[in-house]
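Spelled out, the chains give:
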Amino acid sequence: MSTESFFKKIRTYHHISEEAEVAWAKLLRQKSYKKGENFINEGQKPRKVAFVVKGLFSQYYADENGDTVIKYFFPEERLAASVSAMLSDTPSIFTITAIENTTVLEYDFFEFKKLFTEHPDIASFYIKYIELHWIIEKEPLEISLRAETAKTRYDEFLRKYPKLVKRLKKHHIASFLGITPTQLSRIFFANK
């Protein structure tokens, strides 16, 4: 598999040199996950990051009632990982699973971080990616889940992820929005 699409996406965050690309490319491994197969298991100390080439992952945990709570979706051109677990070297509280058959380019996070010293442009990419996806995007979402009505959250989901909606089952969307599938059905029919 070509790494061209991977580095094309990486360069949308920060330009990296040809030397940095070559060093990073040596860490990349292609892997496929069948629908329902886990990339990361809850309780596992993760080491890997996966760039989704084709397919879709969800990141979830089970709440105190045993219900699945989807925290995030990773479609094509997104990096899937349990970042906080890797940064703190603790077991993941999340499971990341394939919602569709999924092909990825994955790499060892700790080997990747070793590249920062020799290739500061890779470190700059990492900072920009974390800032955008784990701070700028995440904080408004967390506030919305606490402050907005279910209908407002659903409308925002439709606006932000129009292509993703068609690929998900209603229970995936409901779990992500923090509502029941029945509530989602009521909102869906009220929108028509």
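Whatever comes next refers back to the structure up there.
Described below are features of the structure shown in this document. Keep in mind that this is a model prediction, so the values were computed, not measured.

Topic: the pattern of salt bridges
So, point 1. Enumeration over the complete set of coordinates arrives at 10 salt bridges.
So, point 2. Among the salt bridges present, the one from E21 reaches R11, with a minimum N-O distance of 2.5 Å. With E21 in helix α2 (residues 18-25) and R11 in the loop between α1 (4-10) and α2, this pair connects stretches of sequence that are 10 residues apart.
So, point 3. Classification of R11 as partly exposed rests on a relative accessible area of 36%.
So, point 4. Between E156 and R159 there is a salt bridge, with the nearest N and O atoms lying 2.5 Å from each other.

Observations regarding the nonpolar core
So, point 1. Of all hydrophobic cores here, the largest spans 27 residues; its most connected members are F6, W24, F112 and F125.
So, point 2. Broken down by secondary-structure element, the contributors of at least two residues to this core are α1, α2, β3 (48-54), α3 (83-88), β8 (102-108), α4 (109-118) and α5 (120-136).
So, point 3. At six residues, the largest contribution of residues to this core is made by α5.
So, point 4. Excluding anything up to four places from it in sequence, F125 contacts I10, Y13, H14, I16, W24, L79 and F112.
So, point 5. Among the nonpolar cores identified, the runner-up in size contains 17 residues, and F157, V165, A174 and L177 belong to it.

Looking at the sheet that holds strand β6 (residues 79-80)
Sheet strands pair by backbone hydrogen bonding; their relative direction is either parallel or antiparallel.
So, point 1. Read across the open sheet, the four strands follow the order β1-β8-β3-β6; overall the sheet is antiparallel. Of all strands in the sheet, those bounded by a partner on one side alone are β1 (29-33) and β6.
So, point 2. Helix-sheet contacts for α4 involve β3 and β8, and the interaxial angle to β8 is about 55°.

Looking at the packing of α4 against α5
So, point 1. At a minimum axis distance of 6 Å, the contact between α4 and α5 shows a crossing angle of 125°. The orientation of α4 relative to α5 falls into the category oblique. Facing F109, F112, L115, F116, T117 and E118 of α4, the residues of α5 in contact are P120, I122, A123, F125 and Y126.
So, point 2. Taken together, the residues that form the contact of α4 with α5 break down as nine nonpolar, one polar and one charged.

Regarding the pairing of β8
So, point 1. Along β8, six of the seven residues are buried, which leaves the element largely enclosed by surrounding structure.
So, point 2. Across five bridges, β1 lies against β8 in antiparallel orientation. Residue pairing in the sheet places S32 in a bridge with T103 of β8.
So, point 3. Here β3 runs beside β8; their pairing, made up of six bridges, is antiparallel. Bridge pairing in β8 places K48 opposite D108.

Parameters and conventions
- Residues numbered from 1 in each chain as written.
- Predicted model: local features only at pLDDT ≥ 70, side-chain atom pairs only at ≥ 80, totals over all residues.
- Heavy atoms only, no water.
- Salt bridge = Lys/Arg side-chain N within 4 Å of Asp/Glu carboxyl O.
- Helix = DSSP H or I, 4+ residues; strand = E, 2+ residues; numbered from the N terminus.
- Buried < 20%, exposed > 50% of the residue type's maximum accessible area, 1.4 Å probe, protein only.
- Core = buried A, V, L, I, M, F, W, Y, C linked by side-chain atoms within 4.5 Å.
- Contact = heavy atoms within 4.5 Å.
- Pairing = 2+ DSSP bridges.
- Axes fitted to C-alpha atoms, helices over the stretch in contact; angles between N-to-C directions.
- Parallel < 35°, antiparallel > 145°, perpendicular 65-115°, else oblique.
- Nonpolar A, V, L, I, M, F, W, Y, C, P; charged D, E, K, R; others polar.

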